[in-house]
Amino acid sequence: MAELKTPVAPATGSARTTSRGRYRLMRLSRRFEETAHEQFGDGQVPGPLHLSIGQEAVAVGGCAALRKTDAVLSTHRGHHHCLAKGAAPDRLMAELLGRTTGYSRGRGGSMHVAIPALGLLGTNGIVGGGIPIATGAAYGMQAQGRDDVTVCFFGEGATGAGVFGEALNVAALWRLPLIFVCENNQYVELTPQEIHVAGEIWRRGESYGIPGVRVDGNDVNAVADAVGDAVARARGGGGPTLVEAVTYRWFGHYAGDRAAYRDDDEVNAWRANDPLVRAGAALDPAERAALDAEVEKEISAALAFAQQSAVTGPEAIALDHYAAA
Amino acid sequence: MTAVETPTRSLKFWQGINQALVEEMERDERVVLVGEDVGRPGGPYGVTRGLRDRFGDLRVRDTPISEAVLVGLGVGGAAVGLRPVVEIMFFDFAMIAMDQIVNQAAKYRYFSGASMPLTIRTMCGAGGPNGAQHSQNFEAWYCTVPGLKVVMPSNAADAKGLLKSAIRDDDPVLFIETLGLLPARREVPQEDDFLLPLGVADTRRAGSDVTVVAIGRLVDRALAAAERLEQEDGISVEVIDPRTLAPLDAETILASVRRTGRLVVAQEATSPFSFASEVFALAVESCLSELKAPPVRVASPFVNVPTPVPLAEARAPGVDDVVAAVRTTMREA
Ligand SMILES: Cc1ncc(C[n+]2csc(CCOP(=O)(O)OP(=O)(O)O)c2C)c(N)n1
């Protein structure tokens, strides 16, 4: 097979946010999910919870170059994408806790969050379900003559879905401003990726003429550089890119899954490669501690907001099905 | 239905669709059309001819054979500010895109509170030598989905007025065209704001003895049957075309059934779990005691659609079937 060189130019730096900002957002995502996990353990989350702990660098790096008017499509494992695209932790927590102040009035839970005003076009209960929508969002931007782009996050499991091939083809044919970010956390529900993925994901675009790149998904700067370059190219009319970010899911598939199908050594090795610790190493300890304290306040406030909000009752279930007459 | 002074033109069904698309695309640059063969060839049956030349490649886009992503182009496009019309060549192909229609488009407002101004056009029914995978009527499936609207026009004028409304609607609309009706002519209002409201039935013929609710291709057949019954039997038949199946104008249908006490529902689809079944359920729930006879369904037999046109036409219910059904309800008095 022909060697596909990573054709994206080295990072210009223009798309990068600060180390501080990236660390803070990753820390926010980590603490948000740890808190949600505790709430789940206390029976306070009336729905499934798929934790992205250990994968924060992919979301934060993947959104680093994005504007509000850019779009993001997320997955069933999407709290980190939501927060990285600007979701408010308090309303997101309220959604998980089934409260009226949640983004979907507490009726949807974590797989059904969409915040169009922030360009977050949806987490998704359907594996691969966001991929066609991302293609449409990128087409919409192109048809409107905007220089906005769409980032589509999906797991390695979703690469087995037919829509992935359809979308690569359409994105290449139309040179859509679309960045496919495969968040390869190495497990697809309860089975390892070897059961699901033939060949190499980052090369899936090769025959379509879509540049592909594999990055260390636990290095927020590497992800931000790779996606940032792809974003810059897409804004300039250069078309789609496929980025595979290799990372690891620390916890089970869902909260409550003890993940007995993998061994402790593997898990511990990846935990030692903590993307949050790596991002924090760029900061001096005092600065880091100050940011941690800020995040702690924000998370406490988010939890308090959610807990003080009314539990969503049956009167809300009929709302928001059709436009008001 | 239309103001007296509105000028009209005799148009075929497909021309009504074409006019609606042209007018709405002229009116609003957010309206785009994507689908297989909709651009350069002007559609497999010529429904979209001329649109690409008029509006350009970006707004009238030929897509690859990718039905799921095709509908996704509409969902994502609508989410970022377009008002897309996506075309699924045959209704039979829509199941390939079922996730995007049912799980994504129809749930977008519920999840986000935001509009999803998407129109999905498709073509149903027998009418050509197309066979069992290009001729089916699945309208009832989609009527089970909260958040989705389902429209099924029976003539050129309604096709135009309803499609324009669907495009301007802020919810996802499945707009089902009928292959067997494409060449059928009707006078069509020539006015940019000729809009027919979604969710409102049209009583095509007033009558007092039997209510016939007919959809799609069966509307004209029901009207022809009504004429014959009037002449041959002196039976007065009311013919209602709901035009929108979801949300259904149950009020108009049930008011008529209460008056006549007799109900026939006519459709090209097969009977089990169909539109007709739903109308029966509504009648039983709300006016059982006013029914003078058991209702009768006129539908295709529960078999696949054969390819040769004479066989396909033999399968589809015709005027005689409606006549017989009405006579049955009259006998049961
Ligand atoms: C279409 C569909 N099939 C199956 C499932 C059940 N399911 C939920 S998550 C998941 C695994 C997805 O794996 P991947 O895409 O790698 O994402 P990850 O969970 O690793 O983040 C499966 C099979 C689903 N939700 N949707």
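Nothing here was measured: the structure is a model prediction, and the numbers come from that model.

On to the sheet that holds strand S14 (residues 296-300) of chain B. Residue and element names in this part refer to chain B. Strand order across the open sheet formed by five strands is S9-S11-S10-S13-S14, with mixed pairing between neighbours. A strand with exactly one partner marks an edge of an open sheet, and here the two such strands are strand S9 (202-205) and S14. Going across the sheet, the axis of each strand differs from the next one's by a mean of 25°, ignoring polarity. Taken together, the three bridges between S9 and strand S11 (residues 237-241) define a ladder with antiparallel strand orientation. Bridge pairing in S11 places Arg 205 opposite Val 239. Docked against the sheet, helix H12 (residues 319-331) engages strand S10 (210-214), S11, strand S13 (263-270) and S14, running at close to 165° with respect to S14.

Time to look at the environment of A:Trp174. Residue and element names in this part refer to chain A. Inspection of the secondary structure assignment puts Trp 174 in the loop between helix H6 (162-173) and strand S3 (178-184). Overall, Trp 174 belongs to the buried group, its relative accessible area being 8%. C-alpha separation for the pair Trp 174 and Arg 31, spaced 143 residues apart in sequence, amounts to 40 Å.

Okay, the packing of aromatic side chains next. Residue and element names in this part refer to chain A. Enumeration according to the criterion identifies 13 aromatic pairs over all chains in this entry. Where Phe 154 meets Phe 180, the ring centres are 6.4 Å apart and the plane angle is 80°; that geometry is what we call edge-to-face. Of this pair, Phe 154 sits in strand S2 (residues 150-155) while Phe 180 sits in strand S3; the two residues are 26 residues apart in sequence, bridging distant segments of the chain. Judged by centre distance (6.1 Å) and plane angle (80°), the ring pair of Phe 164 and Phe 180 falls under edge-to-face. One end of the pair, Phe 164, is in helix H6; the other, Phe 180, is in strand S3, and 16 residues separate them in sequence. Given the relative accessible area of 0%, Phe 180 is considered buried. These aromatic residues form a ring-pair network of at least three members: Tyr 187, Tyr 248, Tyr 261 and Trp 270.

All names here are of chain A. Around the ligand sit 14 residues, and of these His 76, Arg 77, Gly 157, Asn 185 and Tyr 187 come closest. At a separation of 2.7 Å, an oxygen atom of the ligand approaches a polar side-chain atom of His 76. Within the complex, the protein chains bury 72% of what would otherwise be the 580 Å² of accessible surface of the ligand. Of the residues assigned to the shell around the ligand, the class counts are five nonpolar, six polar and three charged.

The subject of this paragraph is the interface of chain A and chain B. Residue-level contacts link 35 residues of chain A with 38 residues of chain B. Summing the contributions of chain A and of chain B, the shared interface buries around 3,000 Å²; its carbon and sulfur component is 65%. Ranking the residues of chain A by area buried against chain B places A:Tyr139, A:Trp174 and A:Tyr322 at the top, with a combined share of 23%. On inspection of chain A and its partner chain B, the count reaches 16 residue pairs in polar contact (both at pLDDT 80 or more). For the side of chain A that touches chain B, the leading source of residues is helix H5 (residues 130-143) of chain A, giving ten residues. Here the residues of the side of chain A that touches chain B are counted per class, giving 20 nonpolar, eleven polar and four charged.

What counts and how
- Residues numbered from 1 in each chain as written.
- Chains lettered and ligands numbered in written order.
- Predicted model: local features only at pLDDT ≥ 70, side-chain atom pairs only at ≥ 80, totals over all residues.
- Heavy atoms only, no water.
- Pairing = 2+ DSSP bridges.
- Helix = DSSP H or I, 4+ residues; strand = E, 2+ residues; numbered from the N terminus.
- Axes fitted to C-alpha atoms, helices over the stretch in contact; angles between N-to-C directions.
- Contact = heavy atoms within 4.5 Å.
- Buried < 20%, exposed > 50% of the residue type's maximum accessible area, 1.4 Å probe, protein only.
- Phe/Tyr/Trp six-rings, centres within 6.5 Å; stacked < 30°, edge-to-face > 60°.
- Near = heavy atom within 4 Å.
- Polar contact = N/O pair within 3.5 Å; in protein donor to acceptor, adjacent residues only side chain to side chain.
- Areas by Shrake-Rupley, 256 points an atom, 1.4 Å probe, with all protein chains shown as cover.
- Nonpolar A, V, L, I, M, F, W, Y, C, P; charged D, E, K, R; others polar.
- Buried area = accessible area lost by both parts, 1.4 Å probe.

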